[in-house]
Amino acid sequence: MPPANHRELVRTVLRDPVHWLAFGVPAGLSPVAPGTVGSVWGVVAAWAAVGLPLSIQLAIGVIGFIVGIWICGVSSRRLGVHDHGGIVWDEVVGCYLAVLPAGADPLWLAVGFGLFRLFDIVKPRPIRDLDHRLHGGLGIMLDDIIAALYGALLLIALQRLTGF
């Protein structure tokens, strides 16, 4: 049974380390646009990883994805709600991967953030199909990873087109 109100949700999340992580430490408790707030954590993480070899940056994303399947799945089951709006680990990891091509450039980080949010919200094919067909942690994570891929590819294309 999901928590009855926001105060009960806050208590539930703060008492359980799995929820605490799934809710993005706990960006997902934001009363306004929790997915966007969680995505900001992804930008912060990508910016912090600047300077690491690309292989390490990508490994961080892959580990975040694999761990996220478990974290989001368990949190979702414990809450009794598939992909509760406060579960934002998927946005953190997705946005992290989407903005990696930006490096440390604030403009490109902002563009990558915007592109990821656009694809995550609009959910073009096959994102929407995956979101409806897959359940559990994999379903929660995979649609955001595809949105990240779309965002990163468009970010790279824009960088090349503009010469930056």
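Just so we're clear, the structure is a prediction, and the values are computed from it rather than from any experiment.

**Q** Could you give me a rundown of the overall build of the chain, with the residues and numbers involved?
**A** Scanning the chain from N- to C-terminus turns up eight helices and zero strands. Listing every helix and strand of the chain by position from the N terminus yields α-α-α-α-α-α-α-α. Taking 2.2 N^0.38 as the reference for a compact globule, 164 residues should give roughly 15 Å; the C-alpha atoms of the chain span a radius of gyration of 15 Å, in line with that estimate. The principal-axis extent of the C-alpha atoms belonging to the chain is close to 50 × 30 × 30 Å. Out of the 164 residues in the chain, the part that is buried amounts to 45%. Excluding contacts between residues fewer than 6 apart, the proportion of contacts in the chain whose partners are at least 24 apart in sequence is 70%. As presented, the chain carries roughly 8400 Å² of accessible surface, and 72% of it is formed by carbon and sulfur atoms. Where the 11 positive side-chain charges of the chain centre and where its 11 negative ones centre are 4 Å apart.

**Q** Break down the pattern of salt bridges for me, with residues and values.
**A** Inspection of every chain in the model, using the stated rule, returns four salt bridges. Lys123 is paired through a salt bridge with Asp143; the nearest N and O atoms lie 3.0 Å apart. Here the residue Lys123 occupies a position in the loop between helix H6 (106-122) and helix H7 (127-133), and Asp143 occupies one in helix H8 (residues 136-162), the gap between them amounting to 20 residues. This pair shows no difference in class: Lys123 is buried, exactly as Asp143 is.

**Q** Now, about the confidence of the model for the chain: what can you tell me, with residues and values included?
**A** Put simply, the chain has an average pLDDT of 93, and 98% of its residues get 70 or more. When pLDDT is averaged over each helix and strand of the chain, the minimum, 75, is found for H7 and the maximum, 98, for helix H5 (residues 89-99).

**Q** Which residues make up the packing of aromatic side chains, and what are the values?
**A** By convention here, two paired aromatic rings are described through the distance between centres and the angle between planes. On inspection of all chains with the given rule, the structure shows one aromatic pair. Plain terms: the ring middles of Phe119 and Tyr150 are 5.4 Å apart, the flat faces sit at 80 degrees to each other, and that makes the pair edge-to-face. Linking Phe119 in helix H6 with Tyr150 in helix H8, this pair joins segments that are 31 residues apart in sequence.

**Q** Please set out the packing of helix H3 (residues 34-49) against H5 residue by residue, giving values where relevant.
**A** It is the contact of H3 with H5, at a shortest axis distance of 7 Å, that shows an interaxial angle of 45 degrees. Relative to H5, the element H3 lies oblique. Handedness of the crossing formed by H3 with H5: right-handed. Taken together, the residues of H5 that come into contact with H3 (itself represented by Gly35, Gly38, Ser39, Trp41, Gly42, Val43, Ala45, Ala46 and Ala49) are Glu91, Val92, Cys95, Tyr96 and Val99.

**Q** Could you give me a rundown of H3, with the residues and numbers involved?
**A** Since the α-helix packs 3.6 residues into each turn, any two residues three or four apart lie on the same face. The end-to-end C-alpha distance of H3 is 23 Å, a good match for the 22 Å that 16 residues give at a rise of 1.5 Å each. Within H3, burial applies to Pro34, Gly35, Gly38, Ser39, Gly42, Val43, Ala46 and Ala49. For H3, the elements touching its buried residues are helix H4 (54-79), H5 and H6. A positive backbone phi angle near 100 degrees is found at Gly51, which sits one or two residues after H3.

Conventions and cut-offs
Residues numbered from 1 in each chain as written. Predicted model: local features only at pLDDT ≥ 70, side-chain atom pairs only at ≥ 80, totals over all residues. Heavy atoms only, no water. Helix = DSSP H or I, 4+ residues; strand = E, 2+ residues; numbered from the N terminus. Rg over C-alpha atoms; globule rule 2.2 N^0.38 Å. Buried < 20%, exposed > 50% of the residue type's maximum accessible area, 1.4 Å probe, protein only. Contact = heavy atoms within 4.5 Å. Areas by Shrake-Rupley, 256 points an atom, 1.4 Å probe, with all protein chains shown as cover. Lys, Arg positive; Asp, Glu negative; His and termini not counted. Charge placed at Lys NZ, Arg CZ, Asp CG, Glu CD. Salt bridge = Lys/Arg side-chain N within 4 Å of Asp/Glu carboxyl O. pLDDT = per-residue confidence, 0-100. Phe/Tyr/Trp six-rings, centres within 6.5 Å; stacked < 30°, edge-to-face > 60°. Axes fitted to C-alpha atoms, helices over the stretch in contact; angles between N-to-C directions. Parallel < 35°, antiparallel > 145°, perpendicular 65-115°, else oblique. Left-handed = near helix turned anticlockwise from the far one by under 90°. Expected span 1.5 Å × (residues − 1).

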